[in-house]
4 protein chains.
Amino acid sequence: MEKTIGFVGLGNMGAPMVMSLLKAGYRVKVYNRTPEKAETVIAAGADRVEHLADVAVPGGIVITMVSNDQALEEVTIGEKGFGHKLEEGSIHLSMSTVSPETSRKLAAFHGKHNSHYVASPVFGRPDAAAAQKLFILSSGSSKAKERTKPVQEAMGQRVFDLGEDPGNANVIKLGGNFMIMAAMEAMAESFNLAEKNGIDRQVAAEVYASTLFNCTVYNGYGSMIANRRFEPAGFQLELGLKDCNLVLEEANAKQTPMPFASILHDTLLASVAKGRGKQDWSALTRIASENAGLK
Amino acid sequence: MEKTIGFVGLGNMGAPMVMSLLKAGYRVKVYNRTPEKAETVIAAGADRVEHLADVAVPGGIVITMVSNDQALEEVTIGEKGFGHKLEEGSIHLSMSTVSPETSRKLAAFHGKHNSHYVASPVFGRPDAAAAQKLFILSSGSSKAKERTKPVQEAMGQRVFDLGEDPGNANVIKLGGNFMIMAAMEAMAESFNLAEKNGIDRQVAAEVYASTLFNCTVYNGYGSMIANRRFEPAGFQLELGLKDCNLVLEEANAKQTPMPFASILHDTLLASVAKGRGKQDWSALTRIASENAGLK
Amino acid sequence: MEKTIGFVGLGNMGAPMVMSLLKAGYRVKVYNRTPEKAETVIAAGADRVEHLADVAVPGGIVITMVSNDQALEEVTIGEKGFGHKLEEGSIHLSMSTVSPETSRKLAAFHGKHNSHYVASPVFGRPDAAAAQKLFILSSGSSKAKERTKPVQEAMGQRVFDLGEDPGNANVIKLGGNFMIMAAMEAMAESFNLAEKNGIDRQVAAEVYASTLFNCTVYNGYGSMIANRRFEPAGFQLELGLKDCNLVLEEANAKQTPMPFASILHDTLLASVAKGRGKQDWSALTRIASENAGLK
Amino acid sequence: MEKTIGFVGLGNMGAPMVMSLLKAGYRVKVYNRTPEKAETVIAAGADRVEHLADVAVPGGIVITMVSNDQALEEVTIGEKGFGHKLEEGSIHLSMSTVSPETSRKLAAFHGKHNSHYVASPVFGRPDAAAAQKLFILSSGSSKAKERTKPVQEAMGQRVFDLGEDPGNANVIKLGGNFMIMAAMEAMAESFNLAEKNGIDRQVAAEVYASTLFNCTVYNGYGSMIANRRFEPAGFQLELGLKDCNLVLEEANAKQTPMPFASILHDTLLASVAKGRGKQDWSALTRIASENAGLK
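Residues numbered from 1 in each chain as written. Chains lettered and ligands numbered in written order. Predicted model: local features only at pLDDT ≥ 70, side-chain atom pairs only at ≥ 80, totals over all residues. Heavy atoms only, no water.

Under the annotation held in an unreviewed UniProt entry, chain A carries the name 3-hydroxyisobutyrate dehydrogenase-like beta-hydroxyacid dehydrogenase and is attributed to Mesobacillus stamsii.

Engineer: Please set out the sheet that holds strand β7 (residues 122–123) of chain A residue by residue, giving values where relevant.
Structural biologist: Residue and element names in this part refer to chain A. An order of β7-β8-β9 is seen for the 3 strands of this open sheet, with the pairing classed as mixed. Unpaired on one side and paired on the other, β7 and β9 (156–161) mark the two borders of the sheet. Examined bridge by bridge, β7 and strand β8 (residues 134–138) share 2 bridges and lie antiparallel to one another. Across the sheet, the residue bridging to F123 is F135, located in β8. In the packing of helix α6 (residues 142–153) onto the sheet, the strands contacted are β8 and β9, and the crossing angle to β9 comes to about 155°. (Pairing = 2+ DSSP bridges. Helix = DSSP H or I, 4+ residues; strand = E, 2+ residues; numbered from the N terminus. Contact = heavy atoms within 4.5 Å. Axes fitted to C-alpha atoms, helices over the stretch in contact; angles between N-to-C directions.)

Engineer: I'd like a description of the sheet that holds strand β2 (residues 27–31) of chain C, backed by residues and values.
Structural biologist: Residues and elements named next belong to chain C. If you walk across this open sheet you meet the 6 strands as β3-β2-β1-β4-β5-β6, and the pairing is parallel. Sheet topology places β3 (47–48) and β6 (116–119) at the edges, where each strand pairs with a single neighbour. The pairing of strand β1 (residues 4–8) with β2 spans 5 bridges and is parallel. Paired with V8 across the strands is Y31, a residue of β2. Sitting on the sheet, helix α1 (residues 14–23) is in contact with β1, β2 and β4 (61–64), with an inclination near 175° to β1.

Engineer: Tell me what's going on with the relation of the copies chain D and chain C, and back it up with residues and numbers.
Structural biologist: Between chain D and chain C, the superposition needs a rotation of 180° and an axial shift of 0.0 Å, giving an RMSD of 0.1 Å. Overall, the copies show the geometry of a two-fold rotation axis. If distances are taken from each C-alpha of chain D to the rotation axis, the shortest is found for C215 of chain D, at 2.7 Å. Mapped onto chain C, 100% of the interface residues of chain D again fall at the interface, so both copies present the same surface. (Least-squares fit on C-alpha atoms with pLDDT ≥ 70 in both.)

Engineer: Summarise the nonpolar core; cite the residues concerned and give the values.
Structural biologist: Membership of the largest hydrophobic core comes to 144 residues, with the highest contact counts inside it found for F178, F213 and Y218 of chain C together with F178, F213 and Y218 of chain D. F82 and A205 of chain A together with F160 and M184 of chain B belong to the second largest nonpolar core, which has 143 residues in total. (Core = buried A, V, L, I, M, F, W, Y, C linked by side-chain atoms within 4.5 Å. Buried < 20%, exposed > 50% of the residue type's maximum accessible area, 1.4 Å probe, protein only.)

Engineer: Pulling in residues and values, what's your account of the interface of chain A and chain D?
Structural biologist: At the interface, 16 residues of chain A touch 16 residues of chain D. A combined buried area of about 1200 Å² lies between chain A and chain D, and 56% of that area is made up of carbon and sulfur atoms. In this structure, the connection of chain A to chain D is made through 0 salt bridges. Among the secondary structure elements, those contributing two or more residues to the side of chain A that touches chain D are α10 (237–253) and α11 (259–273) of chain A. (Buried area = accessible area lost by both parts, 1.4 Å probe. Salt bridge = Lys/Arg side-chain N within 4 Å of Asp/Glu carboxyl O.)

Engineer: Lay out the state of the cysteines in plain terms, naming residues and giving numbers.
Structural biologist: Enumeration according to the criterion identifies 0 disulfides over all chains in this entry. Here C215 of chain B stays unpaired: no disulfide links it, and the sulfur of C215 of chain A, its closest cysteine neighbor, is 3.0 Å away. Look at C215 of chain B and you get buried, because its relative accessible area is 5%. Just so you know, C244 of chain C is unpaired, no disulfide at all, and the nearest cysteine sulfur is the one on C244 of chain B, 15 Å from it. Judged by its relative accessible area of 2%, C244 of chain C is buried. (Disulfide = S-S within 2.5 Å.)

Engineer: Residues and numbers for the side chain of S115 of chain D, please.
Structural biologist: Looking at the element boundaries, S115 of chain D is found in the loop between α4 (100–112) and β6 (116–119). The contact partners of S115 of chain D, leaving out residues within four places of it in the chain, are L86, E87, G89, S90 and H110 of chain D.

Engineer: Which residues make up the relation of the copies chain A and chain D, and what values do they have?
Structural biologist: Superposition of the two copies of the chain requires a rotation about an axis together with a shift along that axis. With an RMSD of 0.1 Å, the fit of chain A onto chain D corresponds to turning through 180° and sliding 0.0 Å along the axis. Of the residues that chain A buries at the interface, 100% are likewise interface residues in chain D, meaning the two copies contact each other through the same surface.

Engineer: How would you summarise unusual backbone geometry if you had to cite specific residues and measurements?
Structural biologist: Omega for the peptide link from E231 of chain C to P232 of chain C comes to 0°, which places this bond in the cis form. Secondary-structure assignment places P232 of chain C in the loop between α9 (216–227) and α10 (237–253). Residue N114 of chain D is not a glycine yet carries a positive backbone phi of 60°. Looking at the secondary structure, you find N114 of chain D in the loop between α4 and β6. Residue N114 of chain D is classed as partly exposed on the basis of its relative accessible area, which comes to 45%. Positive phi, close to 50°, is recorded for R228 of chain D, a residue that is not glycine. One can find R228 of chain D in the loop between α9 (216–227) and α10 (237–253).

Below you can see the structure in the form of structure tokens.
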């Protein structure tokens, strides 16, 4: 079993995940571009490394949780990236939301150094991370996944094995984000029709979320959409557009027409063009309201 | 409190609802166009009436649970309809899935006879009806709803008050059916992308239904769509198209553009044109699969 | 050959059409709800009738050119409608833009009186009507069409025979209006992309209209859309929505999914919800501009 | 004035364009990857060069007419590309259909060598090229365009100046291809509705193409779509998909939602997934027919 783990990226998600690892008894070597962000986890027992590449543990695991494809490439295969220092038998457990292509590219890079790549994006917000309640997706070589599993289990409530292709976990993660956006648009259209009939939007939201759609996505976003409360942003709309673009690129590459994703893309793009990129992604529903002459 | 209740329509839903009323201690006078369908409830203690109009109880409640707008109009205001015999203070508790317009029209008709109309469609399949677990929507005059509430509670687990306009409950019911169809299309697009990446569709379905979308609709339909098992039909696709048309008519009347509903309409219409009207409505997802070159 | 023709509806189109008939040597008995509108054609030699039904010529032809389905039904089969007075062998030459269903219904009505119905909507604006340059569609029984042909030729530059089903000419007319709206949306999307790249919209419009799309629709509407000049209305947007609804109803009845028509419907509906129903129908393109953050 | 011109790419379009230049009195140095394709123009007086880079004329113009972005980059800035040999004051007149981004990238490359780039895609098929009837778009620095204009005029009937940004001409070209595809889809939906009403598709096509839409695109493609004659391919559907992807990438970069382009993308993608990538791009209309239950 691993004793020491490297960890890059101490944002809203990364920090509580490190706390979970510490609680589970791991030593954790952490690096963050902005050193101040490391303070909480250092106080809780994590070890700070000065240089990014020092997160590499000989033959061990390095976890990354950064904001996008570009950041992931930079910390891994950039000039100062830790990837150059990963030795034989090491594993890069990559938990950011990135494209399948990026995962496949990094897996190939690590393969050349006889180290491994496991794609492992998560479902769950910072509070779920803090409570070890994340749902964790996992794809990569079986041997590598066997070793990462206890580490993943220390951070979440369940780990889903999605096969050997390193891109698979990313496909499922992106598909989930697409399905959330589709649910938001569907709710908005339905709530608008209710409102135009004189029905309170919040009553409509509550009916659906307590009957047919009694689950997190409809409960949480239903209330935001009914109240048109789009700030502060839990997840920024422009990141939603980025994910939707990743979905459509993958759909294009794999010859899979996705008409709902196309509509969502046009809606997100219009939202950004109207200056709403920094609002919560549920603000994509404002277009439907405006087109109904509401608000 | 009501002692005797009239009931028209003893199909898959109506029959178990009558059973619930009998269990709760009501006397129930039943009528069904096909008399054989009444046998089970008669055996359980319901009273059969020979003529449709005889379901009317002086000053009491008549429940209808029939298949569509046309059937509802016929049993209510048709030549032999019971509506002509409803006396002052009577209530028509209309539980079928029909258009808001039909509800408004029948409410006006009953109003002329000083009787009342409460629109009360339900969420739930026959097994939920048998277990008194239906979710029951309710709209109409407050006084009438006050009287129908204990009767509705005898059949379901919760009653939602949606205001005075008799069409409101129908709007919410149709909006719910639209949201189910939207969820089905979103799942299909996501599962197809997974399959095209070599991921097992059922694994994809399970990941989503046990994490972000842990609710009835995604659990039940997710499995059907992943397995492409569209028969036997729980709810026929051509009825889904009918409901989608009702949604779009209401959306048109109320100037509420619904782009997802428009896509679903085109998809359902194509499905019917291809001869799939009698399959389960989840078969609307076959178009997305075919367009991805699958199956 | 006919000598005397009845004519109902002296609006922007009807009046110049009567003038064409007078020039061709016909006597024309005219009726208009607002008598003042008849003055010009009376001055040119037309005969005014006091009562609508008096436009009927024994065994002869009555032309109608009114604003919509409802108006057509009223003047034909309403209480005072001329249809009750059409005798054996008479022909109703119906030139308004109405639904195929209305045509089929009126054809059946006339059939009961042994008179005939020829659906005959036109392509062309008032200036084309004034110059006898209309394109005239024609559907109905062959015998009736044979008799109406010289009359139609007196008003237009070409008559297209579309078969025996009286609804056919209306289907083609509605399909044409749909194609115009589709062309407008396509131009708008393309011009917006050009504008966002710093290209003058009018230059873009001119390039397309003088090369690939050198025809009336792209020339005329291209310039309006490039300049965003939507008033005065040549054809009101709310009438465009009406026609789009007729297209979609027919598409639904005939199981013909029309995804472009669905998008146009949502766009027109949003335009009306935003208060643009009285602008020219080319104002449907404002939604695309707004969604690109333009204007 | 130029006396000698270099020319790369002697396909269906390039060969007749070289013939036009020869007729106009230019000397033309030609290169083609497959030497046999050069034979006709050699016989007509063109000079063959052995090595690609030898098409460069000191201070002169090199025209490229190749199949896609990748081929253009290869012949220009690839290892053996002529771009490395363009001297001060030379002009690359780039007439292929490529993305605005490729044009901007190559313009920047040439700029470093003090040579110039003029983007100059064309509208017109091989027969138009043979008859000097091409419509020629042109964007780049004014000085360079001044010099290329007589050369362009030798190959076409009109040259459109689209400004200084080298990407502009490509934007207009792509927008035109998008508008052609939109017109094809609109025709298909309309013809299908006609066919479902029992109207001959070819009659419908003829009505539209001889009235409202009397222009090349509707005449030519209308007949192909009405007859469902999709082979041999004038322009392959998979190239249409490529262009549609370029449109959507540019639309995404410029925050310009294009709902019709999104629908066309999904339709083209489905067509390729169904194995129709080598058919004429008008075969995109088969999806609409199939969805209507038509052959």
